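Residues per chain, in single letters:
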Amino acid sequence: MARTSDIEKAAGVLRAGGLVALPTETVYGLGANAEDPTAVSRIFQVKGRPPSHPLIVHIGGADQLDDWVEEVPATARLLAEHFWPGPLTLVLRRGRRVPLEATGGLETVAVRVPDHPVALALLSAFGGGVTAPSANRFGQVSPTTAQHVRAELGDGVDFVLDGGPCQVGVESTIVDATGEVPSILRPGGVTREDLEAVLGRPLTVHATSRVRVPGQHPSHYAPRARVVLVEPEAVVAEAELAQERGHRVGVFLPPSLTDAAVKAHAVAAVPASMNAYARGLYGLLRELDQKGCDLIFASLPAEEGLGLAIANRLRRAAGPRESA
Ligand code: TXA
Ligand code: MG
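Note that the structure is a prediction, hence the values are computed from the model and not measured.

K.L.:
For this particular structure, what's the right way to read the pairing of strand β2 (residues 29-33)?
P.N.:
The buried count for β2 comes to five of five residues, which makes it a mostly enclosed element. The sheet contact formed by strand β1 (residues 20-22) and β2 spans three bridges and is antiparallel. Paired with L22 across the two strands is G29, which belongs to β2. Counting the residues between successive antiparallel strands, the hairpin from β1 to β2 contains six residues.

K.L.:
Can you walk me through helix α4 (residues 74-83) in this structure?
P.N.:
Each full turn of the α-helix corresponds to 3.6 residues, which orients residues three or four apart in the same direction. Three or more residues of α4 are buried, namely A76, L79, A80 and F83. Looking straight down α4, one finds its buried side chains confined to an arc of 100 degrees; they lie on one side. Pointing more than 90 degrees away from the buried face of α4 are the exposed residues A74 and E81. On its buried face, α4 sits against α3 (65-68), β4 (88-93), β8 (173-176) and α8 (192-199).

K.L.:
Mind showing me how you'd approach the nonpolar core here?
P.N.:
Nonpolar side chains tend toward joint burial in soluble globular proteins. If you look at the biggest cluster of nonpolar residues, it comprises 99 residues, and the most contacted ones within it are A21, V57, L90, V111, L122 and V175. Both domains that meet at this core, namely domain 1 (4-216) and domain 2 (226-317), each give it at least three residues.

K.L.:
Explanation requested: the sheet that holds strand β11 (residues 226-229) in the structure shown.
P.N.:
In a beta sheet, neighbouring strands are held together by backbone hydrogen bonds and run either parallel or antiparallel to one another. Ordered by their spatial adjacency, four strands build an open sheet running β11-β14-β12-β13, and the pairing between neighbours is parallel. Each end of this open sheet is capped by a strand with a single partner; those strands are β11 and β13 (266-269). The mean angle between the axes of side-by-side strands here comes to 20 degrees, regardless of whether they run parallel or antiparallel. Judged from the three bridges that link them, strand β12 (residues 249-253) and strand β14 (residues 295-298) form a sheet pairing that is parallel. Residue pairing in the sheet places G250 in a bridge with I296 of β14. Packing of helix α9 (residues 235-244) onto the sheet brings it into contact with β12 and β14, and relative to β12 it is tilted by some 170 degrees. Taken strand by strand, helix α10 (residues 274-290) contacts β12, β13 and β14, and its axis lies near 170 degrees from that of β13.

K.L.:
Explanation requested: the domain arrangement of the chain in the structure shown.
P.N.:
One frequently used descriptor of interface size is the decrease in accessible area upon assembly of the parts. Domain boundaries in the chain define domain 1 (4-216) and domain 2 (226-317). A separation of 28 Å is found between the C-alpha centroids of domain 1 and domain 2. Taken together, the contact pairs 14 residues of domain 1 with 15 residues of domain 2. Of the residues that constitute the side of domain 1 that touches domain 2, the class distribution is four nonpolar, eight polar and two charged.

K.L.:
What should I look at first to understand unusual backbone geometry in this one?
P.N.:
Most peptide bonds are trans, and most residues other than glycine sit at a negative phi. Omega for the peptide link from W84 to P85 comes to -10 degrees, which places this bond in the cis form. As for its placement among the helices and strands, P85 is situated in the loop between α4 and β4.

K.L.:
Just checking my understanding: could you explain the sheet that holds strand β7 (residues 159-160) for this structure?
P.N.:
The strand order across the open sheet built from ten strands is β7-β1-β2-β6-β3-β5-β4-β8-β9-β10, with neighbouring strands paired in mixed fashion. Two strands in the sheet have a free side with no partner beyond their single neighbour: β7 and β10 (204-205). Of the pairings in the sheet, the one linking strand β9 (residues 183-186) to β10 comprises two bridges and is parallel in character. Along β10, the bridge assignment pairs I184 with V205. Contacts between α4 and the sheet are confined to β4 and β8, with β4 contributing the most and set at about 155 degrees to the helix.

K.L.:
What exactly am I supposed to notice about the UniProt feature "domain: YrdC-like" (unreviewed entry) in the chain here?
P.N.:
As annotated in UniProt, the feature "domain: YrdC-like" (unreviewed entry) corresponds to residues 4-190 in the numbering used here. Counted over residues 4-190, helix gives 32% and strand 18%. Its end C-alpha atoms are 29 Å apart.

K.L.:
Looking at this structure, I do not really get the UniProt feature "binding site: L-threonine" (unreviewed entry) in the chain. What am I missing?
P.N.:
UniProt tags T26, H58, R112, A132, S142 and S172 as "binding site: L-threonine" (unreviewed entry). Counting through the fold element by element, T26 comes out in the loop between β1 and β2. Its 29 C-beta neighbours within 10 Å are what place T26 among the buried residues. Ignoring anything within four residues of it in the chain, the contact list for T26 reads P87, C166, V168, V170, E171, S172, G188 and G189. As for its placement among the helices and strands, R112 is situated in strand β5 (residues 108-112). Judged by local crowding, R112 falls into the buried class, with 25 C-beta atoms found within 10 Å. Setting aside anything within four residues of it in sequence, one finds R112 in contact with I56, H58, L88, T89, L90 and S172.

K.L.:
Honestly, the confidence of the model for the chain in this entry has me stumped. Any pointers?
P.N.:
Looking at the chain, pLDDT values average 93 and 95% of them are 70 or higher. We note a pTM of 0.95 for the whole complex and an ipTM of 0.99 for its interfaces.

Rules used in this analysis
Residues numbered from 1 in each chain as written. Chains lettered and ligands numbered in written order. Predicted model: local features only at pLDDT ≥ 70, side-chain atom pairs only at ≥ 80, totals over all residues. Buried ≥ 20, exposed ≤ 12 C-beta atoms within 10 Å, placed from the backbone. Helix = DSSP H or I, 4+ residues; strand = E, 2+ residues; numbered from the N terminus. Pairing = 2+ DSSP bridges. Arc of directions from axis to C-beta. Contact = placed C-beta atoms within 7 Å. Core = buried A, V, L, I, M, F, W, Y, C linked by C-beta atoms within 7 Å. Domains from an automatic or database assignment. Axes fitted to C-alpha atoms, helices over the stretch in contact; angles between N-to-C directions. Nonpolar A, V, L, I, M, F, W, Y, C, P; charged D, E, K, R; others polar. UniProt positions renumbered as here; feature names shortened; annotations may be inferred. pLDDT = per-residue confidence, 0-100.

Here you go:
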């Protein structure tokens, strides 16, 4: 776990234009000083991410929101006060403080206050905003431990703050709050139901937004193994068939089948609780990858509560790959 001296060191690295991997409640982020265009540009190089894809600015509290955006509509204020610190990102009109490098050239900016003591301590010690995408290579599975970050980014990051395993496990929910009617751009750690309860009206979920956002890229969150989605009752039979055909098969065994004996290369039991599933999802994908599986059979959970975000990530992990 990070100590006070680590926090000070990390804040110094940010001030000097370096990159710090930081824990959040959702996934680990690859952070830079949001107001330093050169440092922000390095994030894109290290991640291998196209520079047109916008980043999230992490700030230390809802009271700082006005420093980073042009205008805070009443709905955005309500959501910020209710859900921050927490896994909710608000897209608003870009304040002058935010360089275009951080927004991929957009006139809007994504902002959130992470709910993690180490992240909040860093933001407080640093004093400014920290732009941070998930600390993985572009298109890969997001990291939920400091070890994942070190294994994937190595020397590309100047300092890794270890805050233990992430407690939510899937990325923040992104809400476009620029207009009168907010909409969900990416399902995540704050559920649609919780947002609707606070807003007092239904929310639409936009699978694709006006901007091309990396989380919407079809093969995002993808392990090396190919993910194949089937109905829960077909998981075992399909997996065994593929195994007989010579594949190294990994199985996400649904909670209803925990006791089933499956002939497969590696089997990961899916937790029955959606909180535990979200927390473990990326770790399970990494684990089956490391065991050398080339196919992973899984089924989608019911798309309610955190199940909406889990199903979204599984679909994208199963999506078509880019050729390069
Ligand atoms: O939980 C999270 O959100 C994590 C932690 C580290 O905070 N961060 C994260 O960042 O998932 P990243 O870069 O992997 O995903 C950020 C998402 C992308 O889909 C990006 O396109 C979207 O936020 N985004 C950022 N700025 C935007 C904007 N101005 N309009 C629409 N989408 C935006
Ligand atoms: Mg990401």
